[in-house]
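# Overview (structure and organization)
Listed below, chain by chain, are the residues.
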Amino acid sequence: MSDKKYLVTGANSKLGKLVISFLLNEYQIKPSQLIATSRNPATLQSLADQGIETRAADYANKDSMVQAFKGVENLLLISMDAVGKRDELHTNAVQAAEEAGVKFIAYTSMPNPDASPVFFAFEHEATEKAIAQSRIPAWKILRNNWYFENLIDFYANVLHTKAWLTASGEGRHAQISRTDLALAAAAALVNSESGKETITLNGPESLTTSEMATLINQVLDISINVVHLSEEALEEQLESFQVPADAIIFATTMDRHLKENKSDGTSEAFEVLTGKKPQLFADWLQENKQSLKAISNA
Ligand SMILES: NC(=O)c1ccc[n+]([C@@H]2O[C@H](COP(=O)([O-])OP(=O)(O)OC[C@H]3O[C@@H](n4cnc5c(N)ncnc54)[C@H](OP(=O)(O)O)[C@@H]3O)[C@@H](O)[C@H]2O)c1
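Residue numbers restart at each chain and count upward from 1, following the sequence in its written direction. Local features are withheld for residues below a pLDDT of 70 in this predicted model, meaning they are given only at 70 or higher, and side-chain atom pairs are given and counted only at 80 or more; totals for whole chains, interfaces and linings count all residues. Where side-chain values are given, they derive from all heavy atoms of the structure, hydrogens and water being excluded.

### Comments concerning the site of the ligand
The rule for a residue being near a molecule or strand is that one of its heavy atoms must lie within 4 Å of it. What surrounds the ligand is a group of 20 residues, the closest being Leu 15, Ser 38, Arg 39, Ser 79 and Met 80. Taking Ser 13, its main chain carries an N or O atom lying 3.2 Å from an oxygen atom of the ligand. The separation between an oxygen atom of the ligand and a polar side-chain atom of Tyr 147 is 2.8 Å. Only the protein chains shown count as cover for residues, and all accessible areas are computed by the Shrake-Rupley method using a 1.4 Å probe. Against a free-state accessible area of 880 Å², the protein chains account for coverage of 85% of the ligand. In this analysis a 1.4 Å probe is tested at points of a 1 Å grid over the protein atoms alone, and where it fits but cannot get out there is a cavity; an open set with protein on both sides within 12 Å along at least five of seven lines is a pocket; lining residues have an atom within 4 Å of a point. Just a note on the criterion: a molecule sits in a pocket or cavity if more than half of its atoms are within 2 Å of the grid points. Its atoms largely coinciding with the cavity grid, the ligand occupies the largest pocket. Only Asp, Glu, Lys and Arg are considered charged in this grouping, and only Ala, Val, Leu, Ile, Met, Phe, Trp, Tyr, Cys and Pro are considered nonpolar; every other residue, Gly among them, is considered polar. Of the residues belonging to the shell around the ligand, the class tally is seven nonpolar, seven polar and six charged. Polar contact is defined as a pair of N or O atoms within 3.5 Å, subject to the rule that within protein one atom must be able to donate a hydrogen and the other to accept it, and that residues adjacent in sequence are counted only when both atoms are side-chain atoms.

Following this line, the structure appears as structure tokens:
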């Protein structure tokens with residue numbers, strides 16, 4: 001095996017931790033070949049304890065990244081969480097990778113960033129463009145579909161209130177587990193020979209919001225009522241609940257994205273990349289039943 005150096009940014013993110021684990025355990029990459037970055041490397045102590053080098057890298061500080069990316073051949077750029085300036089900050093990271101002589105970059109994007117109405121799509125579109133226009137010789141854009149875990153992170157109120165107000169209509173969306181997306185990112189980093197490619201990583205089935213609710217109800221033995229609204233009616237309802245304006249924009253533009261089938265698709269690219277089938281939503285619900293039940297009973 002070569003002694004190629006692999007670097008994962010955002011290594012302390014939920015996705016990043018899983019990627020590192022797959023690189024070590026599934027792809028048998030040696031800890032000495034791995035570099036993990038965070039704005040605060042002290043948060044990566046458990047990785048350092050395993051023999052992984054940790055470095056500081058802040059997307060807002062290009063010089064810190066040029067230093068951090070030195071000697072790296074394959075780099076996974078995990079998109080940051082704070083929306084608003086990600087186009088500019090991710091572009092800094094791409095330029096730093098180019099300057100540091102990185103040979104391959106993979107980036108965690110979203111489905112159809114160039115055509116999506118989601119309010120943050122422009123940031124992923126701009127990052128993809130920065131990568132395509134860079135002199136980095138090989139890259140893979142990973143257009144990650146939405147995580148099943150968003151049910152916990154962003155839609156817990158659906159479980160709690162048993163009411164799913166949605167403007168997503170009959171739109172189909174092939175959501176996928178974060179763990180599967182981490183496996184795919186690790187696979188992309190390791191199998192980096194295939195030039196310049198953009199792929200969309202979807203789950204195994206494309207479901208409507210009502211179909212997802214039916215599965216949740218079956219597995220958790222609860223009764224979520226899906227209320228279909230126009231986008232305008234959803235916005236009015238959320239305003240009447242005094243939901244903050246940015247959360248309303250998130251909910252309404254996300255539902256428009258789903259309604260327009262911008263997250264529809266098959267899992268073929270995932271299977272080609274990883275050699276595996278992604279987890280079904282029903283199986284993910286079973287695996288996480290206890291924590292989902294706790295939210296629904298809260
Ligand atoms: N497909 C989906 O459904 C979905 C859902 C949620 C999020 N996402 C995207 O996927 C990414 C990974 O998901 P996750 O749930 O694992 O995220 P997460 O746990 O919330 O982690 C977010 C990461 O962003 C990093 N970050 C924030 N500001 C940064 C900066 N200025 N420079 C460098 N890194 C910065 C943080 O790193 P440090 O604090 O260690 O520096 C942290 O590791 C998210 O950041 C987001 O872009 C996708």
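### So, the packing of aromatic side chains
Within 6.5 Å between ring centres, the rings of Phe, Tyr and Trp (the latter by its six-membered ring) count as paired, and their orientation is classed by plane angle as stacked under 30 degrees, edge-to-face over 60, tilted in between. All chains considered together, the criterion is met by seven aromatic pairs. Taken together, a centroid distance of 6.2 Å and an interplanar angle of 85 degrees make the contact between Phe 120 and Trp 146 edge-to-face. Of this pair, Phe 120 sits in the loop between strand 5 (104-109) and helix 5 (121-133) while Trp 146 sits in the loop between strand 6 (138-144) and helix 6 (150-153), and the two are 26 residues apart along the sequence. When a residue's accessible area, from a 1.4 Å probe over protein chains only, is under 20% of the maximum for its type it is buried; when over 50% it is exposed; and in between it is partly exposed. The exposure class of Phe 120 is buried, given its relative accessible area of 9%. The interplanar angle of 50 degrees and the centroid separation of 5.0 Å between the aromatic rings of Phe 148 and Phe 281 together place this pair among those described as tilted. Taken together, the residues span a long stretch of sequence, with Phe 148 in the loop between strand 6 and helix 6 and Phe 281 in helix 13 (residues 281-287) at a distance of 133 residues. Judged on exposure class, the residue Phe 148 and its partner Phe 281 are both buried. Taken together, the aromatic side chains of Phe 119, Phe 120 and Trp 146 make up a single cluster linked through ring pairs. For Arg 86, the ring lying beneath its charged end belongs to Phe 120, and the centroid distance is 5.2 Å. Going along the chain from the N terminus, every DSSP run of H or I of four or more residues is numbered as a helix, and every run of E of two or more is numbered as a strand. Lysine and arginine charges are scored as sitting over a ring when NZ or CZ, respectively, is within 6 Å of the ring centre and within 35 degrees of the ring normal.

### With respect to the layout of surface pockets
Grid points are joined across faces, edges and corners, and a volume is the space filled by probe spheres set on the points. Space inside the largest pocket adds up to approximately 1100 Å³. For the largest pocket, the lining is made up of 37 residues, of which Ser 79, Met 80, Asp 81, Arg 86 and Tyr 147 are closest to its centre. Mapped by element, the contributors of at least two residues to the lining of the largest pocket are helix 1 (14-25), strand 2 (34-38), helix 4 (86-100), strand 5, helix 6 and helix 11 (245-259). Looking at the lining of the largest pocket residue by residue, the class counts come to 16 nonpolar, 14 polar and seven charged. Space inside the second largest pocket adds up to approximately 520 Å³.

### Points about the sheet that holds strand 3 (residues 53-56)
Pairing within the open sheet is parallel, and its seven strands lie in the order 3-2-1-4-5-6-8. Unpaired on one side and paired on the other, strand 3 and strand 8 (196-201) mark the two borders of the sheet. Put simply, the sheet's adjacent strands are angled 20 degrees from each other on average, direction ignored. For two strands to be treated as a pair, DSSP must find at least two bridges joining them. Here six bridges tie strand 5 to strand 6, and the two strands are oriented parallel to one another. The partner of Ala 106 across the bridge, within strand 6, is Lys 140. In this analysis, two residues are considered to be in contact whenever any of their non-hydrogen atoms come within 4.5 Å of each other. Here, axes are lines fitted to C-alpha atoms. For helices the fit covers the stretch in contact, and angles between N-to-C directions go from 0 to 180 degrees. Of the strands in this sheet, strand 4 (74-77), strand 5 and strand 6 touch helix 5, which is tilted by about 170 degrees from strand 5.

### Structural notes on a nonpolar patch on the surface
Candidate patch residues must exceed 30% relative accessible area and have no salt bridge, after which like charges are joined if within 9 Å and Val, Leu, Ile, Met, Phe, Trp or Tyr side chains if within 5 Å. A pair is scored as a salt bridge if a Lys or Arg side-chain nitrogen falls within 4 Å of a carboxyl oxygen belonging to Asp or Glu. A cluster of nonpolar residues, Val 83, Phe 119 and Ile 249, forms a patch on the protein surface that exposes about 220 Å² of accessible area. Among the structural elements, Phe 119 can be located in the loop between strand 5 and helix 5.

### Notes on the packing of helix 10 (residues 231-240) against helix 11
Interhelical geometry of helix 10 versus helix 11 gives an angle of 160 degrees and a closest axis separation of 10 Å. Compared by their axis directions, helix 10 and helix 11 come out roughly antiparallel. Along this stretch, helix 10 crosses helix 11, giving a crossing that reads as right-handed. Touching Glu 231, Leu 234, Glu 235, Leu 238 and Glu 239 of helix 10 are Ile 248, Ala 251, Thr 252, Asp 255 and Arg 256, all from helix 11. Counted by class, the contact of helix 10 with helix 11 contains four nonpolar, one polar and five charged residues. Under this scheme an angle from 65 to 115 degrees is roughly perpendicular, one under 35 degrees roughly parallel, and one over 145 degrees roughly antiparallel; angles in between are oblique. Crossings are classed by handedness, with left-handed meaning an anticlockwise turn of the near helix from the far one by less than a right angle and right-handed meaning a clockwise turn.

### A short note on the packing of helix 1 against helix 8 (residues 178-190)
Running from N to C, helix 1 and helix 8 cross one another at 55 degrees; their axes reach a closest spacing of 8 Å. Classed by the angle they form, the pair helix 1 and helix 8 counts as oblique. Regarding helix 1 and helix 8, the two cross each other, and that crossing is right-handed. Here Lys 14, Leu 15, Leu 18, Val 19, Phe 22 and Leu 23 of helix 1 come into contact with helix 8, specifically with Arg 178, Thr 179, Leu 181, Ala 182, Leu 183, Ala 185, Ala 186, Leu 189 and Val 190. Along the lines of polarity and charge, the residues of the contact of helix 1 with helix 8 split into 12 nonpolar, one polar and two charged.

Everything listed here is a matter of geometry and, on its own, says nothing about what the molecule does.
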